[in-house]
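Below, each chain spelled out in residue letters.
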2 protein chains.
Amino acid sequence: MSVDQAAKRDIPDATVARLPGYLRALGQLTVQDVLSVSSEELAHSAGVSSAKLRKDLSHLGSYGVRGVGYDVAHLTYQISRALGLTHDWPVVIVGMGNLGRALASYGGFATKGFKVVALLDRDPQLVGERLDELTVQPMGELVSLVTPGEACIGVIATPAASAQDVADLLVAAGVSSILNFAATAIQVPEGVHMRKVDLSTELQILAFHEQQRSASVADELLEGAG
Amino acid sequence: MSVDQAAKRDIPDATVARLPGYLRALGQLTVQDVLSVSSEELAHSAGVSSAKLRKDLSHLGSYGVRGVGYDVAHLTYQISRALGLTHDWPVVIVGMGNLGRALASYGGFATKGFKVVALLDRDPQLVGERLDELTVQPMGELVSLVTPGEACIGVIATPAASAQDVADLLVAAGVSSILNFAATAIQVPEGVHMRKVDLSTELQILAFHEQQRSASVADELLEGAG
DNA sequence: ACGCTCTTGTGAACAAATGCACAAAGTCGC
DNA sequence: GCGACTTTGTGCATTTGTTCACAAGAGCGT
Ligand SMILES: NC(=O)c1ccc[n+]([C@@H]2O[C@H](COP(=O)([O-])OP(=O)(O)OC[C@H]3O[C@@H](n4cnc5c(N)ncnc54)[C@H](O)[C@@H]3O)[C@@H](O)[C@H]2O)c1
Ligand SMILES: NC(=O)c1ccc[n+]([C@@H]2O[C@H](COP(=O)([O-])OP(=O)(O)OC[C@H]3O[C@@H](n4cnc5c(N)ncnc54)[C@H](O)[C@@H]3O)[C@@H](O)[C@H]2O)c1
């Protein structure tokens, strides 16, 4: 058993970040009743190179068959296990504005190893409102919803100004992983995992590349003229 | 001027991905009327190490003053320029469901160098609906909205099943940068930039770390017992 | 049984990113 | 002016990630 866990222990971050993409591609193959897939094909559907895919999978163990490829069902299981998706993780969403509602009504959670267990907002006007099986609760309920020591994922969908306060409340209640949608950096204590999803960052990165493109076009014109 | 552009030309990807975060931290300092900031302070607000921040900024040029720090306004300008945010980029959003509406009504675009110029959906029921100054238009309007050669950013907020089709339409219309919110990998031709924002990927990465944590706790218990 | 074909898994080379540590270059008090 | 002090910018070592290229292994037809 120690071998098994040791194998999981040092999966590179870059690999972990790509595993969900492989899982999704495998899911599409599953519904198409495809039983087996080569690294080349799977890599193409996931949008990576086949060498990268094979190296990534080699970190989980040796689950392919040389000359044949990977068994779709078995690989799906192995990746799910590596990611810790063999059981559902509870998720609480804080902030029931435009984004929070969209997230709450988004069905993609349940099928992927997560279960939204609570929706919270500090606005008394929103508390009590029903959204897809769940009732919006006041912030005070947080401590009774989260059991310290038991893993729980917190999602922040409040305005940037409240994000740090909400993060502090989540951490105090015992949440150890936070996904932040607010457009601000938040500080969390050591031991709490934090990731952010940020629209404007992504757009700005795209803008950078667009600008590079137009700059190089301009340069080529100048070079042609000079 | 060639020197200037050469300096911008090879900013590492990892640096580009962090620049928006610095810009945001600088924005907060600006509203607080802070005029100057050290790498240590700015790095802390942006959630990175000061060495990383300095190395990142050094790729843009030498805009700090030794012994003092960085001028907030000037650094803001330089980063904006490096990212290509000195003028607004047009953005079209396709898919006016839960997420698309949240994005459309999100004010964060305008202040950050972007302007939503069109909302599109294929559902005739939604076409014609007004959302914040804009009317939802049918997909056929795409070609008349985008001018090939002029940069435009396309945002995909349709279900996964339609994402590839929508991407193809956007590319055909002349869009050269795409931000994909749909939970699927899409293929775009060489020369088109594509980035994705994906909730379930992020949650799965958090789940991995939670699982690592519980695995190591279990290990420690075993070790203590053995 | 054997050789042919196919595809995995991985060592080794390469590239990118990070972190360290300090010289260089500025400010400020005197 | 000058020396003490502060903070930047960067060369270098280290770590992390990617790509290449191919040996090892599995299936299949004969
Ligand atoms: N809407 C989008 O498309 C979008 C896109 C990208 C990022 N974001 C970010 O997501 C966040 C939410 O966006 P939105 O459009 O849903 O905002 P919103 O204003 O519609 O909703 C925010 C909600 O958070 C609640 N709230 C505020 N402070 C709180 C606190 N301290 N504790 C608990 N609840 C609190 C408010 O009552 C409100 O219901 C913002 O930070 C925004 O920048 C939104
Ligand atoms: N809602 C969320 O919180 C959330 C979170 C993460 C990811 N996502 C992803 O974002 C996407 C959209 O989610 P949603 O909840 O808004 O879905 P939705 O079903 O509410 O809306 C989808 C919209 O896209 C339109 N559409 C469908 N096919 C189209 C096509 N070919 N061309 C143009 N328009 C088309 C539909 O008419 C509909 O209005 C999904 O892929 C989902 O996985 C959503």
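Look up a bit, the structure's there.
Residues numbered from 1 in each chain as written. Chains lettered and ligands numbered in written order. Predicted model: local features only at pLDDT ≥ 70, side-chain atom pairs only at ≥ 80, totals over all residues. Heavy atoms only, no water.

Trainee: Please provide a residue-by-residue account of the relation of the copies chain B and chain A, values included.
Mentor: You can overlay chain B on chain A at an RMSD of 0.0 Å; the transform is a turn of 180° with a shift of 0.0 Å along its axis. Given the turn and translation reported, the copies of this chain are related as if by a two-fold rotation axis. Of the residues that chain B buries at the interface, 100% are likewise interface residues in chain A, meaning the two copies contact each other through the same surface. (Least-squares fit on C-alpha atoms with pLDDT ≥ 70 in both. Contact = heavy atoms within 4.5 Å.)

Trainee: Mind laying out the nonpolar core, listing which residues take part and the relevant values?
Mentor: Membership of the largest hydrophobic core comes to 94 residues, with the highest contact counts inside it found for A:I79, A:I93, A:F114, B:I79, B:I93 and B:F114. In this structure, B:I93 is in contact with B:L103, B:A104, B:F109, B:V116, B:A118, B:L119, B:L120 and B:V155, ignoring residues within four places of it in sequence. (Core = buried A, V, L, I, M, F, W, Y, C linked by side-chain atoms within 4.5 Å. Buried < 20%, exposed > 50% of the residue type's maximum accessible area, 1.4 Å probe, protein only.)

Trainee: Explain the site of ligand 2 to me, using residue names and the numbers behind them.
Mentor: Around ligand 2 lies a shell of 24 residues, among which A:A102, B:L99, B:D121, B:T158 and B:S162 are the nearest. Measuring from an oxygen atom of ligand 2, one finds a backbone N or O atom of B:N98 at 3.0 Å. At 3.3 Å, a backbone N or O of B:R122 approaches a nitrogen atom of ligand 2. Against a free-state accessible area of 820 Å², the protein chains account for coverage of 84% of ligand 2. For the shell around ligand 2, the leading source of residues is helix α8 (residues 160–173) of chain B, giving three residues. The residue inventory of the shell around ligand 2, partitioned by class, reads 16 nonpolar, five polar and three charged. (Near = heavy atom within 4 Å. Polar contact = N/O pair within 3.5 Å; in protein donor to acceptor, adjacent residues only side chain to side chain. Areas by Shrake-Rupley, 256 points an atom, 1.4 Å probe, with all protein chains shown as cover. Helix = DSSP H or I, 4+ residues; strand = E, 2+ residues; numbered from the N terminus. Nonpolar A, V, L, I, M, F, W, Y, C, P; charged D, E, K, R; others polar.)

Trainee: Run through the pairing of strand β5 (residues 114–120) of chain A, naming residues and quoting values.
Mentor: Residue and element names in this part refer to chain A. The buried fraction of β5 is high, at five of seven residues. Sheet topology places strand β4 (residues 89–94) next to β5; six bridges connect them, and they run parallel. When the sheet's bridge partners are listed, I93 is paired in β5 with L119. Considered for its hand, the β-α-β crossover made up of β4, helix α6 (residues 98–104) and β5 is right-handed. As paired strands, β5 and strand β7 (residues 134–137) are joined by two bridges and run parallel to one another. Within β7, the position partnered with L119 by the bridge is V136. (Pairing = 2+ DSSP bridges. Right-handed = clockwise from strand over helix to strand, strands pointing away.)

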